[in-house]
Amino acid sequence: MSSENLKAIEATIDDYFYGMYRSDRTLIERAFTAEAAIEGLTEGRYMRMSRADFADFVAKQDSAEEAGEPFEMQIVSLDVTVDAAFVKVADRYIGRDFIDYLSLLKTDSGWRIVHKSWHSG
């Protein structure tokens, strides 16, 4: 994997992390493709959202950054094969601990998340 690809993937994950941390719709929209699927389980309840739904949800949350909450988001693992990547992240968001699995593809717009699945106890 080239260091250029690694930096670009990390930049996309930073957009994702800081989009949630700052409640910033623009960063979330930049991190995901327009057609991305966001789905997961919270306390065993299945949920599915579009990028627009997820961006709306994030934008409505109080900003953790403005509230002075610690930034608790990190990449756990990263696997890249040419123009596809799979990133496992751990994050504390809206008072809950999440494990997210992010599938990324290198698109004409750069590395973007095409699918997010999550689990939160």
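Residues numbered from 1 in each chain as written. Predicted model: local features only at pLDDT ≥ 70, side-chain atom pairs only at ≥ 80, totals over all residues. Heavy atoms only, no water.

Help me get a handle on the side chain of Thr 12, residues and values and all.
Secondary-structure assignment places Thr 12 in helix H1 (residues 3–22). A relative accessible area of 3% means that Thr 12 is categorised as buried. A distance of 2.6 Å separates a polar atom in the side chain of Thr 12 from the backbone oxygen of Trp 111. Not counting residues up to four positions away in its chain, the partners in contact with Thr 12 are Ala 31, Leu 104, Trp 111, Arg 112 and Ile 113. (Helix = DSSP H or I, 4+ residues; strand = E, 2+ residues; numbered from the N terminus. Buried < 20%, exposed > 50% of the residue type's maximum accessible area, 1.4 Å probe, protein only. Polar contact = N/O pair within 3.5 Å; in protein donor to acceptor, adjacent residues only side chain to side chain. Contact = heavy atoms within 4.5 Å.)

Break down the packing of aromatic side chains for me, citing the residues and quoting the values.
Scanning all chains against the criterion turns up nine aromatic pairs. Ring geometry for Tyr 16 against Phe 32: centres 5.9 Å apart, planes inclined by 70°, an arrangement best described as edge-to-face. With Tyr 16 in helix H1 and Phe 32 in strand S1 (residues 32–42), the pair connects residues that are 16 residues apart, well separated along the chain. Relative accessible area serves as the criterion here: at 0%, Tyr 16 is assigned to the buried category. Residues Tyr 18 and Tyr 21 carry aromatic rings whose centres are separated by 6.3 Å and whose planes lie at 80° to one another, so their mutual orientation is edge-to-face. Taken together, the positions of Tyr 18 and Tyr 21, both in helix H1 and three residues apart, correspond to about one turn of that helix. (Phe/Tyr/Trp six-rings, centres within 6.5 Å; stacked < 30°, edge-to-face > 60°.)

Talk me through helix H3 (residues 51–60); I want residue IDs and the actual numbers.
Taken together, the buried positions of H3 are Phe 54, Ala 55 and Val 58. For H3, the angular spread of the buried residues around the axis is 100°, confining them to a single face. Lining the buried residues of H3 we find H1, helix H2 (25–31), S1, strand S2 (45–50), strand S4 (84–93) and strand S6 (110–120). (Arc of directions from axis to C-beta.)

Residue-level account of H1, with values.
For an α-helix, 3.6 residues make a turn, and residues three or four places apart therefore share a direction. Here H1 spans 27 Å end to end across 20 residues, near enough to the 28 Å set by a 1.5 Å rise per residue. Here H1 has its buried residues at Asn 5, Ile 9, Thr 12, Ile 13, Asp 15, Tyr 16, Phe 17, Gly 19, Met 20 and Tyr 21. Remark: Ser 23 follows H1 within two positions and exhibits a positive phi of approximately 55°. (Expected span 1.5 Å × (residues − 1).)

Got a sec to walk through unusual backbone geometry? Specific residues and values, please.
Backbone geometry at Glu 43 places phi at a positive 50°, although glycine is not the residue there. Relative to the assigned elements, Glu 43 resides in the loop between S1 and S2. Accessibility expressed as a relative area gives 59% for Glu 43, which makes it exposed. In this structure, Ile 94 is a non-glycine residue whose phi angle is positive, near 45°. Tracing the sequence through the fold places Ile 94 in the loop between S4 and strand S5 (96–107). Owing to a relative accessible area of 40%, Ile 94 belongs among the partly exposed residues under this scheme.

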